[in-house]
Every structure is written in structure tokens, then in C-alpha cells.
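Listed below, chain by chain, are the residues.
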Amino acid sequence: VDVCPDGALETVSQNEELVDELHRNWKLWENLPETDDRFVNIANLEEGIGTLSSMMIQRKVYESMLGGDGACMGCGEKTNIHLVLAALNALMGPRVKTQVKKLSSMIEQLEGRARAIVAGDVDLTAAAEGKGEALNLDAEGQAHLRRLQAMTADLKDLVWRYEEGPSGRGRASLGMANSTGCTSVWASTYPYNPYPFPWVNHLFQDSPSIAVGLFEGHMRKMADGFRAVRRAEAELDGSYKSDETEAELHKLDWHDFTDDEFHLCPPIVAVGGDGAMMDIGFQNLSRLLASDKPVRVV
């Protein structure tokens, strides 16, 4: 207030009237419609073109951290973490939307092929007479139909996890391992937790090590999903060969992910202060740095 001249900032006393006005303004903002996706575009991440507007213009990104916590004033932790999380949300949202569109198209194609198999083997005379033997698939045709049904079910499950999942809010944009300290104290005071994604707090020095474990389990789970997608892609482009394809898919791990696949993996983030990372926790951080695990450290 003292630095900015000409009344750019003005100190006012908090009273009931002012608080009521702030509440009304906030309620108005909450009731405004969400910004349409076509207005949100990160044109160039490296040069920062479009990033700020993308982070601020959509409520689901802006609210990457919820309110209600008792964050310390002045230290800047919450602001910094909020910016990191909002950027991640802004990046992950369009990627997920594109992936769901791709999966939906693949599901439609697989179901079309299954219908074609059934239609091609229907005895029309028997079907017209209502006889049970109208569909006469041989063993190969039955196996193919079962494979198509299994692939379709796997892709539908993936779409459900992206859009709804166990939480009803879809797949999270990231996961966080938090060192005990200011960030966990202000973030986990009952009944508030400002993190709308999987979050775990552990001993002061351990968040990088916890993050490594989370990352390894997370990558195994993501590999399961990418196996389903690659299997369906091989089926649709005609390259699927049961023994060869399944043997290759069995070996798939995160080192083999394409860039597009890896960009769909919600990042694992380890958060801590100077003590948690550079003092007692440096042995954990150095172990992470010596590994090949691309965990984000804040």
C-alpha cells in the first residue's frame, strides 16, 4: 500500500457490510457459466503464450486447490503450489479430452466389427423362423468375437475412469507426496484438505522416496491401460497376432511409453521445504535424482 502511489491500493476496515459485499461478489462468480474449451488455448508453453489465461479462465483449473485452509500468510507456499497445480491441470485437461475422443472412436469401430462377424454368420432363414441355431459361428469366429468384446470392455472401462471413476470426478490430474511441515500443517487441518487429488503426507524427510514408490505403482497401472489401447489398435489395423502381440504387450513398462502416452500419465509431485529436501531429506532427494524416475520435486 505504501509503495503504490495515487490510491492504486487503499486500506479499508473490515466490517459486516464489506464482508457481505465480498460474499455476494463471490457467489456471483460461482454462478457464472464455465468458459468454453474453445477459448482456452496454450499456444506455446515454453514462451508462456496463453498459459496464464488458460490457468485462470476455467474454474476447474483455477480451483486446483480449494479454499478453507489455514495457510500461513506471507510465506508464499500456497501461491507457488497453486500455480504449479493450476498449470498441470491446464495441461492435462485437453490431453484427456483428446484421449477420450480417440477411445470412443475405437470402441465404435470394434463394436462395428463384432456386429459384422455376427451378421456374416447368421442363417437368415433360421433367424426368420425364430430358431436358436440362427447364429452358427465356428470356433475361430467365436474366439474372435470374444476378443473383440474383451477389447471393447477394456476401452469402455478406461473411458469411465477418465470421465467418472471411483470418485465420480474422473481421473486425477496428479498425485502428491508431501513432507511434514508447513505445507502439510496448513493443508490438512481438520476438516479441510485443499487438494482435490490423491495426496499423502509422510515423515519430514521421506517425500521423494514415497514419490518413487507412488510413481512405480502408478506406471504399472497406466501400462495396463496402454496395453488395452495398443491391443485394440493392433486389432483395428490388422497387425494383431495373438502370441506375438501379447508377448510384446506383456513386457510394456513406462520406459516403452510413447511421448503421447507418457503425457497422459498424471505426474507424481514431491513437495517439501529446505529441511525436507536439502537437510535431513537430502539422502532421499539424491537417491531420486540418481534414479531414472521423472518425479517432479517442488
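Everything below is about the structure printed above this text.
Summarised in this report is the structure supplied together with it. These figures come from a predicted structure and were not determined experimentally.

1. A look at the overall build of the chain
Next up, step 1: Helix and strand content of the chain: twelve helices and four strands.
Next up, step 2: Out of the 298 residues in the chain, the part that is buried amounts to 34%.
Next up, step 3: Residue pairs at least 24 apart in sequence account for 67% of intrachain contacts in the chain once pairs closer than 6 positions are excluded.
Next up, step 4: About 18,400 Å² of surface is accessible on the chain, with carbon and sulfur atoms providing 54% of the total.

2. Here's the deal with the pattern of salt bridges
Next up, step 1: Going through the model one piece at a time under the given rule, you end up with 13 salt bridges.
Next up, step 2: The salt bridge partner of Lys 102 is Glu 233, with a shortest N-O separation of 2.8 Å. One end of the pair, Lys 102, is in helix α4 (residues 77-120); the other, Glu 233, is in helix α8 (residues 207-237), with 131 residues separating them in the sequence.
Next up, step 3: Given a relative accessible area of 33%, Lys 102 falls into the partly exposed group.
Next up, step 4: In this structure, Arg 147 and Glu 235 form a salt bridge, with 3.0 Å as the shortest nitrogen-oxygen distance. Residue Arg 147 is found in helix α6 (residues 139-163), and its partner Glu 235 is found in helix α8; the two are separated by 88 residues along the sequence.
Next up, step 5: Of the residues examined, Arg 147 reaches a relative accessible area of 28% and is grouped as partly exposed.
Next up, step 6: Salt bridges sharing common partners tie together Glu 111, Arg 115 and Lys 156.

3. Some thoughts on the nonpolar core
Next up, step 1: The biggest cluster of nonpolar side chains holds 40 residues, and the ones touching the most others in it are Leu 155 and Phe 257.
Next up, step 2: Where this core is concerned, the elements lending two or more residues are α4, α6, α8, β3 (268-271) and α12 (282-290).
Next up, step 3: Ranked by residues supplied to this core, first place goes to α8 with twelve residues.
Next up, step 4: The residues touching Leu 155, leaving out its near neighbours within four places in the chain, are Leu 103, Met 106, Ile 107, Leu 110, Ala 228, Val 229 and Ala 232.
Next up, step 5: If you look at the next biggest cluster of nonpolar residues, it comprises ten residues, including Ile 81, Met 176, Val 269 and Val 271.

4. Here's the deal with the packing of aromatic side chains
Next up, step 1: Taken as a whole and judged by the stated rule, the model has six aromatic pairs.
Next up, step 2: Seen from their ring centres, Tyr 195 and Trp 199 are 5.4 Å apart, and the 20° between their planes marks the pair as stacked.
Next up, step 3: Taking the relative accessible area as the measure of exposure, Tyr 195 reaches 6% and is therefore buried.
Next up, step 4: Ring geometry for Trp 254 against Phe 262: centres 6.4 Å apart, planes inclined by 40°, an arrangement best described as tilted.
Next up, step 5: Among the residues examined, Trp 254 registers a relative accessible area of 16% and is labelled buried.
Next up, step 6: Grouped by ring-pair contacts, the aromatic residues Tyr 195, Phe 197 and Trp 199 constitute a single cluster.

5. Considerations on the environment of Val 185
Next up, step 1: Considering the arrangement of structural elements, one finds Val 185 in helix α7 (residues 182-185).
Next up, step 2: On the accessibility criterion, Val 185 (54% relative accessible area) is exposed.
Next up, step 3: Along the sequence, Val 185 and Asn 201 sit 16 residues apart, while their C-alpha atoms lie 9.7 Å from each other.

6. Considering the pairing of β3
Next up, step 1: Burial of β3 is two-sided: the residues Ile 268 and Ala 270 facing one way and the residues Val 269 and Val 271 facing the other way are all buried.
Next up, step 2: Both strand β1 (residues 175-179) and β3 contribute to a ladder of four bridges, which runs parallel. In the strand pairing of β3, Asn 178 is matched with Val 271.
Next up, step 3: Relative to strand β4 (residues 296-297), β3 is paired through two bridges, and the arrangement is parallel. Following the sheet pairing, Ala 270 is matched in β4 by Val 297.

7. Examining the packing of α8 against α12
Next up, step 1: Packing of α8 against α12 leaves a shortest axis separation of 7 Å and a crossing angle of 35°. Counted together, Pro 208, Ser 209 and Val 212 of α8 and Asn 284, Leu 285 and Leu 288 of α12 form the full contact between these two elements.
Next up, step 2: For the contact of α8 with α12, the per-class residue count stands at four nonpolar, two polar and no charged.

8. Details of the sheet that holds strand β2 (residues 199-202)
Next up, step 1: The sheet built from four strands is open, its strands ordered β2-β1-β3-β4 with parallel pairing. Strands with a single pairing partner mark the edges of an open sheet, and in this sheet they are β2 and β4.

9. Examining the side chain of Ser 207
Next up, step 1: Within the secondary structure, Ser 207 sits in helix α8.
Next up, step 2: Under the relative-accessibility criterion, Ser 207 is labelled buried at 1%.
Next up, step 3: For Ser 207, the side chain forms a polar contact with the side chain of Ser 179, separated by 2.8 Å.

10. Points about the pairing of β1
Next up, step 1: In terms of residue burial, β1 counts as a mostly covered element, since five of its five residues are buried.
Next up, step 2: Of the two faces of β1, both are covered, the one formed by Gly 175, Ala 177 and Ser 179 as well as the one formed by Met 176 and Asn 178.
Next up, step 3: As paired elements, β1 and β2 share four bridges and run parallel to each other. From the neighbouring strand, Ser 179 faces β2, where its bridge partner is His 202.

About the criteria used
- Residues numbered from 1 in each chain as written.
- Predicted model: local features only at pLDDT ≥ 70, side-chain atom pairs only at ≥ 80, totals over all residues.
- Heavy atoms only, no water.
- Helix = DSSP H or I, 4+ residues; strand = E, 2+ residues; numbered from the N terminus.
- Buried < 20%, exposed > 50% of the residue type's maximum accessible area, 1.4 Å probe, protein only.
- Contact = heavy atoms within 4.5 Å.
- Areas by Shrake-Rupley, 256 points an atom, 1.4 Å probe, with all protein chains shown as cover.
- Salt bridge = Lys/Arg side-chain N within 4 Å of Asp/Glu carboxyl O.
- Core = buried A, V, L, I, M, F, W, Y, C linked by side-chain atoms within 4.5 Å.
- Phe/Tyr/Trp six-rings, centres within 6.5 Å; stacked < 30°, edge-to-face > 60°.
- Pairing = 2+ DSSP bridges.
- Axes fitted to C-alpha atoms, helices over the stretch in contact; angles between N-to-C directions.
- Nonpolar A, V, L, I, M, F, W, Y, C, P; charged D, E, K, R; others polar.
- Polar contact = N/O pair within 3.5 Å; in protein donor to acceptor, adjacent residues only side chain to side chain.

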